[in-house]
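Structural description and commentary
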Amino acid sequence: MEKPGIDVVNARLLTLYSNMETKEKVNFYDSWAQDYEQHMTVMDYQAPRFSVETLDAVYLGDRDSALVLDVPCGTGLVAETLQKLGFKHFHGIEGSKQMLKIAESKDSYDLVMIVGGLAQQHLPWEILPEMLRVTKSDGFICFTLRAEESDHRRNLLTSIQELVNKGLWENVVERYVEKWQRDMLPTGLAEEYADGIVTIYRKK
(Lines give C-alpha, C1' and ligand atoms only; values in the text may rest on other atoms or scores of the structure.)
Protein backbone atom coordinates (compact mmCIF):
# COMPACT_ATOMS: atom_id res chain seq x y z
CA MET A 1 0.00 0.00 0.00
CA GLU A 2 1.34 3.43 -0.93
CA LYS A 3 2.31 5.58 2.02
CA PRO A 4 -0.33 8.30 2.53
CA GLY A 5 0.69 11.91 2.07
CA ILE A 6 0.75 14.41 4.90
CA ASP A 7 -2.17 16.30 3.36
CA VAL A 8 -4.35 13.17 3.46
CA VAL A 9 -3.53 12.50 7.11
CA ASN A 10 -4.05 16.11 8.12
CA ALA A 11 -7.45 16.22 6.41
CA ARG A 12 -8.46 13.18 8.44
CA LEU A 13 -7.28 14.78 11.68
CA LEU A 14 -9.04 18.07 11.02
CA THR A 15 -12.26 16.15 10.46
CA LEU A 16 -11.66 14.09 13.59
CA TYR A 17 -11.30 17.13 15.84
CA SER A 18 -14.28 18.95 14.35
CA ASN A 19 -17.52 19.19 16.29
CA MET A 20 -19.17 15.90 15.26
CA GLU A 21 -22.01 14.09 16.96
CA THR A 22 -21.08 10.84 18.70
CA LYS A 23 -22.64 8.64 16.01
CA GLU A 24 -20.81 10.58 13.30
CA LYS A 25 -17.49 10.14 15.10
CA VAL A 26 -18.03 6.39 15.52
CA ASN A 27 -18.83 6.09 11.80
CA PHE A 28 -15.79 8.20 11.00
CA TYR A 29 -13.50 5.86 12.95
CA ASP A 30 -15.13 2.85 11.28
CA SER A 31 -14.29 4.29 7.87
CA TRP A 32 -10.74 5.12 9.01
CA ALA A 33 -9.90 1.76 10.63
CA GLN A 34 -8.09 0.21 7.67
CA ASP A 35 -5.69 3.15 7.26
CA TYR A 36 -5.52 4.27 10.91
CA GLU A 37 -2.19 2.75 11.95
CA GLN A 38 -0.46 3.87 8.77
CA HIS A 39 -1.75 7.40 9.25
CA MET A 40 -0.59 7.42 12.88
CA THR A 41 2.87 6.47 11.66
CA VAL A 42 2.90 9.50 9.35
CA MET A 43 2.12 11.82 12.27
CA ASP A 44 4.63 9.96 14.47
CA TYR A 45 2.00 9.27 17.14
CA GLN A 46 3.84 7.74 20.11
CA ALA A 47 1.24 7.74 22.91
CA PRO A 48 0.81 3.93 23.05
CA ARG A 49 4.55 3.38 23.40
CA PHE A 50 5.08 6.16 25.95
CA SER A 51 2.13 5.07 28.10
CA VAL A 52 3.18 1.42 28.21
CA GLU A 53 6.81 2.34 28.95
CA THR A 54 5.65 4.47 31.87
CA LEU A 55 3.36 1.74 33.18
CA ASP A 56 6.08 -0.90 32.88
CA ALA A 57 8.21 0.98 35.43
CA VAL A 58 5.53 1.04 38.16
CA TYR A 59 3.36 -2.06 37.68
CA LEU A 60 4.62 -4.70 40.11
CA GLY A 61 1.58 -7.01 40.11
CA ASP A 62 1.15 -10.39 38.43
CA ARG A 63 0.90 -9.56 34.75
CA ASP A 64 0.03 -13.09 33.72
CA SER A 65 -3.33 -12.98 35.53
CA ALA A 66 -4.07 -9.23 35.37
CA LEU A 67 -7.28 -8.17 33.61
CA VAL A 68 -6.84 -5.05 31.47
CA LEU A 69 -9.54 -2.71 30.17
CA ASP A 70 -8.45 -0.79 27.07
CA VAL A 71 -10.80 2.10 26.28
CA PRO A 72 -11.07 3.14 23.53
CA CYS A 73 -9.15 0.16 22.15
CA GLY A 74 -8.97 1.33 18.53
CA THR A 75 -6.97 -1.11 16.40
CA GLY A 76 -5.29 -2.68 19.42
CA LEU A 77 -1.97 -0.81 19.48
CA VAL A 78 -1.93 -0.51 23.28
CA ALA A 79 -2.90 -4.15 23.91
CA GLU A 80 -0.32 -5.36 21.41
CA THR A 81 2.41 -3.44 23.23
CA LEU A 82 1.23 -4.61 26.66
CA GLN A 83 1.30 -8.23 25.49
CA LYS A 84 5.02 -7.90 24.88
CA LEU A 85 5.39 -7.05 28.59
CA GLY A 86 3.54 -10.12 29.79
CA PHE A 87 -0.09 -8.98 30.00
CA LYS A 88 -2.45 -11.59 28.57
CA HIS A 89 -6.07 -10.78 29.43
CA PHE A 90 -7.81 -7.84 27.76
CA HIS A 91 -11.26 -6.36 27.37
CA GLY A 92 -11.51 -3.70 24.67
CA ILE A 93 -14.25 -1.08 24.48
CA GLU A 94 -14.77 0.96 21.32
CA GLY A 95 -17.71 3.05 20.16
CA SER A 96 -20.65 4.61 21.92
CA LYS A 97 -22.74 1.43 22.12
CA GLN A 98 -19.92 -0.49 23.71
CA MET A 99 -19.26 2.39 26.09
CA LEU A 100 -22.68 1.70 27.56
CA LYS A 101 -21.43 -1.75 28.55
CA ILE A 102 -19.06 -0.13 31.04
CA ALA A 103 -21.99 1.09 33.11
CA GLU A 104 -23.41 -2.44 33.13
CA SER A 105 -20.08 -4.16 33.73
CA LYS A 106 -19.59 -6.39 36.75
CA ASP A 107 -15.95 -6.96 35.89
CA SER A 108 -13.21 -5.53 38.07
CA TYR A 109 -9.98 -4.56 36.36
CA ASP A 110 -6.39 -4.57 37.56
CA LEU A 111 -5.48 -1.99 34.94
CA VAL A 112 -7.45 0.53 32.86
CA MET A 113 -5.73 2.14 29.87
CA ILE A 114 -7.20 5.32 28.31
CA VAL A 115 -4.64 6.21 25.64
CA GLY A 116 -5.79 9.04 23.38
CA GLY A 117 -9.40 8.67 24.48
CA LEU A 118 -9.47 11.84 26.56
CA ALA A 119 -8.46 14.07 23.67
CA GLN A 120 -10.72 16.98 22.83
CA GLN A 121 -13.93 15.93 21.01
CA HIS A 122 -13.46 12.32 22.19
CA LEU A 123 -14.52 10.74 25.49
CA PRO A 124 -16.00 13.20 28.00
CA TRP A 125 -13.87 13.90 31.06
CA GLU A 126 -16.87 12.82 33.17
CA ILE A 127 -16.05 9.22 32.29
CA LEU A 128 -13.24 9.07 34.87
CA PRO A 129 -15.44 8.19 37.88
CA GLU A 130 -16.89 5.28 35.91
CA MET A 131 -13.41 4.07 34.99
CA LEU A 132 -12.49 4.30 38.64
CA ARG A 133 -15.56 2.30 39.64
CA VAL A 134 -14.62 -0.70 37.50
CA THR A 135 -11.01 -0.69 38.74
CA LYS A 136 -9.99 -2.96 41.61
CA SER A 137 -8.68 -1.45 44.83
CA ASP A 138 -4.94 -0.82 44.33
CA GLY A 139 -5.53 -1.15 40.57
CA PHE A 140 -4.02 1.32 38.10
CA ILE A 141 -5.61 3.80 35.70
CA CYS A 142 -3.28 5.12 33.02
CA PHE A 143 -4.30 7.92 30.68
CA THR A 144 -2.68 10.30 28.25
CA LEU A 145 -3.32 13.83 27.07
CA ARG A 146 -1.59 16.51 25.09
CA ALA A 147 0.21 19.10 27.17
CA GLU A 148 -1.11 22.36 25.73
CA GLU A 149 -3.63 24.40 27.70
CA SER A 150 -7.31 24.24 26.75
CA ASP A 151 -10.71 24.43 28.42
CA HIS A 152 -11.07 20.69 27.88
CA ARG A 153 -7.79 19.97 29.64
CA ARG A 154 -8.64 22.31 32.54
CA ASN A 155 -12.00 20.54 33.04
CA LEU A 156 -10.25 17.20 32.96
CA LEU A 157 -7.67 18.25 35.55
CA THR A 158 -10.43 19.60 37.78
CA SER A 159 -12.23 16.25 37.62
CA ILE A 160 -8.99 14.43 38.41
CA GLN A 161 -8.32 16.62 41.45
CA GLU A 162 -11.86 16.17 42.75
CA LEU A 163 -11.28 12.40 42.84
CA VAL A 164 -7.99 12.99 44.67
CA ASN A 165 -9.69 15.26 47.21
CA LYS A 166 -12.32 12.58 47.85
CA GLY A 167 -9.57 10.09 48.62
CA LEU A 168 -10.59 7.79 45.79
CA TRP A 169 -7.24 7.56 44.04
CA GLU A 170 -3.64 8.77 44.31
CA ASN A 171 -1.10 9.83 41.74
CA VAL A 172 1.66 7.30 41.07
CA VAL A 173 3.56 9.03 38.30
CA GLU A 174 3.19 11.88 35.83
CA ARG A 175 5.57 11.85 32.88
CA TYR A 176 6.02 14.84 30.61
CA VAL A 177 7.02 13.73 27.11
CA GLU A 178 8.50 15.97 24.45
CA LYS A 179 7.87 15.12 20.80
CA TRP A 180 4.61 13.35 21.57
CA GLN A 181 3.39 13.62 17.98
CA ARG A 182 3.68 15.95 15.04
CA ASP A 183 1.62 19.05 15.63
CA MET A 184 -1.45 19.69 13.54
CA LEU A 185 -2.19 23.00 11.87
CA PRO A 186 -5.14 24.07 9.70
CA THR A 187 -2.72 24.15 6.77
CA GLY A 188 -1.20 20.71 7.43
CA LEU A 189 1.01 18.74 9.79
CA ALA A 190 3.83 20.87 11.14
CA GLU A 191 7.49 19.95 11.31
CA GLU A 192 7.31 20.81 15.03
CA TYR A 193 6.06 18.36 17.60
CA ALA A 194 3.41 18.72 20.30
CA ASP A 195 4.25 17.54 23.81
CA GLY A 196 2.19 15.14 25.88
CA ILE A 197 1.69 13.70 29.34
CA VAL A 198 1.29 10.16 30.68
CA THR A 199 -0.41 10.01 34.08
CA ILE A 200 -0.97 6.93 36.25
CA TYR A 201 -3.23 6.82 39.30
CA ARG A 202 -3.80 4.04 41.82
CA LYS A 203 -7.30 3.40 43.19
CA LYS A 204 -7.45 3.46 46.97
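Let me sum up the structure you'll find in this document. Within each chain, residues carry numbers counting from 1 in the order of the written sequence. With the structure being a predicted model, the display of local features is reserved for residues of pLDDT at least 70 and the display and counting of side-chain atom pairs for 80 or more, all residues being used for whole-chain, interface and lining totals. Hydrogens and water molecules were not included; the side-chain quantities draw on all heavy atoms of the structure.

Topic: the overall build of the protein chain
Runs of H or I in DSSP of at least four residues are treated as helices and runs of E of at least two as strands, each being numbered from the N terminus. Counting secondary structure elements, the protein chain contains seven helices and six strands. Across the protein chain, helices and strands are ordered from the amino to the carboxyl terminus as α-α-α-β-α-β-α-β-α-β-α-β-β. Note on exposure labels: buried denotes an accessible area under 20% of the residue type's maximum, exposed denotes more than 50%, and partly exposed covers the range between, all computed with a 1.4 Å probe on protein chains only. Taken across its 204 residues, the protein chain has 43% of its residues classed as buried. A sequence separation of at least 24 residues applies to 72% of the contacts in the protein chain between residues at least 6 apart. Here the protein chain has roughly 10800 Å² of accessible surface; of this, 49% comes from carbon and sulfur atoms. Only heavy atoms matter for contacts: two residues are in contact if any of them lie within 4.5 Å across the pair. The Shrake-Rupley method, run with a 1.4 Å probe sphere, supplies the accessible areas, and residue values consider only the shown protein chains as cover.

Focus: the nonpolar core
Of all hydrophobic cores here, the largest spans 24 residues; its most connected members are Ile114, Phe143 and Trp169. For this core, the elements supplying multiple residues, two or more each, are strand S1 (67-70), strand S3 (109-114), helix H6 (128-133), strand S4 (135-146), helix H7 (151-165) and strand S6 (188-203). Residues within four places of Phe143 in sequence aside, it is in contact with Ile114, Leu118, Ile160, Trp169, Ile197, Val198, Thr199 and Tyr201. Side-chain atoms within 4.5 Å link the members of a nonpolar core, which is a set of buried Ala, Val, Leu, Ile, Met, Phe, Trp, Tyr and Cys residues. Counting residues in each nonpolar core, the second largest holds 22 residues, with Met43, Val58, Val68 and Val198 among its members.

A few points about the side chain of Thr199
Structurally, the position occupied by Thr199 is in strand S6. On the basis of relative accessibility, which here comes to 3%, the residue Thr199 falls in the buried class. Setting aside its immediate chain neighbours within four residues, Thr199 contacts Ile141, Cys142, Phe143, Asn171, Val173 and Glu174.

As for helix H3 (residues 47-58)
Here H3 is twelve residues long and its end C-alpha atoms lie 17 Å apart, about the 16 Å a rise of 1.5 Å per residue gives. Looking only at H3, the buried set comprises Ala47, Pro48, Phe50, Ser51, Val52, Thr54, Leu55 and Val58. To estimate the expected span of a helix, count its residues, drop one, and scale the result by 1.5 Å.

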